[in-house]
Amino acid sequence: MYEPIRTKSVHSTMAADADARVPHRSREEELDIQLAGHLAALLAVTDELGLASAGDAIARQIARLRGGMPPVRHAGLRGTSATSLHGRAHALAGRALVVAASRADTAAAILAAERMDAHALALAP
């Protein structure tokens, strides 16, 4: 007759051990990381455009999301046209706005919306 297995499978034990070793982040932590990334990309484009005060505001938000660690700033000028940079900045601000809204981060959402408006105004003919 059939006798049930009384010991745990080697495979399930290995999977449980591996799962315990893998660090897991919450949804909020993942959104913080994603938002900080979008804002860091926006900061790079903003610095390339030479918008110091806007860059400072973005840098403050990044530092807040990273727990006080300020972002590294480098205005690596590549000779890209201002129109292209404003278009890229508008798109990055839009991505940051979506993540900030899903995270319910009012300060970051307001900043992203303001940057979107400023870059849309710069793109207007």
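Asks: What am I meant to see in the overall build of the protein chain here?
Replies: Looking only at helices and strands, the protein chain has five helices and zero strands in total. Starting at the N terminus and walking to the C terminus, you meet the elements of the protein chain as α-α-α-α-α. Taking all 125 residues of the protein chain together, 31% fall into the buried category. The contacts of the protein chain with a sequence gap of at least 6 include a subset with a gap of at least 24, amounting to 67%. Accessible surface computed for the protein chain: about 8200 Å², of which carbon and sulfur atoms make up 60%.

Asks: Teacher, can you tell me more about the nonpolar core here?
Replies: Soluble globular proteins tend to bury their nonpolar side chains together. Core analysis: the biggest nonpolar cluster contains 25 residues, and Leu35, Leu39, Leu42, Val45 and Ile58 have the highest contact counts within it. Elements that contribute at least two residues to this core include exactly α2 (27-49), α3 (52-65), α4 (82-103) and α5 (106-123). The element best represented in this core is α2, accounting for eight residues. Apart from the residues within four sequence positions on either side, Leu42 is in contact with Ile58, Ala89, Leu92, Ala93, Arg115 and His119.

Asks: Which parts of the structure should I look at to understand the pattern of salt bridges?
Replies: Side-chain pairs of opposite charge can arise whenever the charged atoms involved come near each other. Evaluated as defined, the whole model comprises seven salt bridges. The partner of Arg64 in a salt bridge is Asp105, with the nearest N and O atoms 2.6 Å apart. Residue Arg64 is located in helix α3, and its partner Asp105 is located in the loop between α4 and α5; the two are separated by 41 residues in the primary sequence. Taking the relative accessible area as the measure of exposure, Arg64 reaches 40% and is therefore partly exposed.

How each quantity is defined
- Residues numbered from 1 in each chain as written.
- Predicted model: local features only at pLDDT ≥ 70, side-chain atom pairs only at ≥ 80, totals over all residues.
- Heavy atoms only, no water.
- Helix = DSSP H or I, 4+ residues; strand = E, 2+ residues; numbered from the N terminus.
- Buried < 20%, exposed > 50% of the residue type's maximum accessible area, 1.4 Å probe, protein only.
- Contact = heavy atoms within 4.5 Å.
- Areas by Shrake-Rupley, 256 points an atom, 1.4 Å probe, with all protein chains shown as cover.
- Core = buried A, V, L, I, M, F, W, Y, C linked by side-chain atoms within 4.5 Å.
- Salt bridge = Lys/Arg side-chain N within 4 Å of Asp/Glu carboxyl O.

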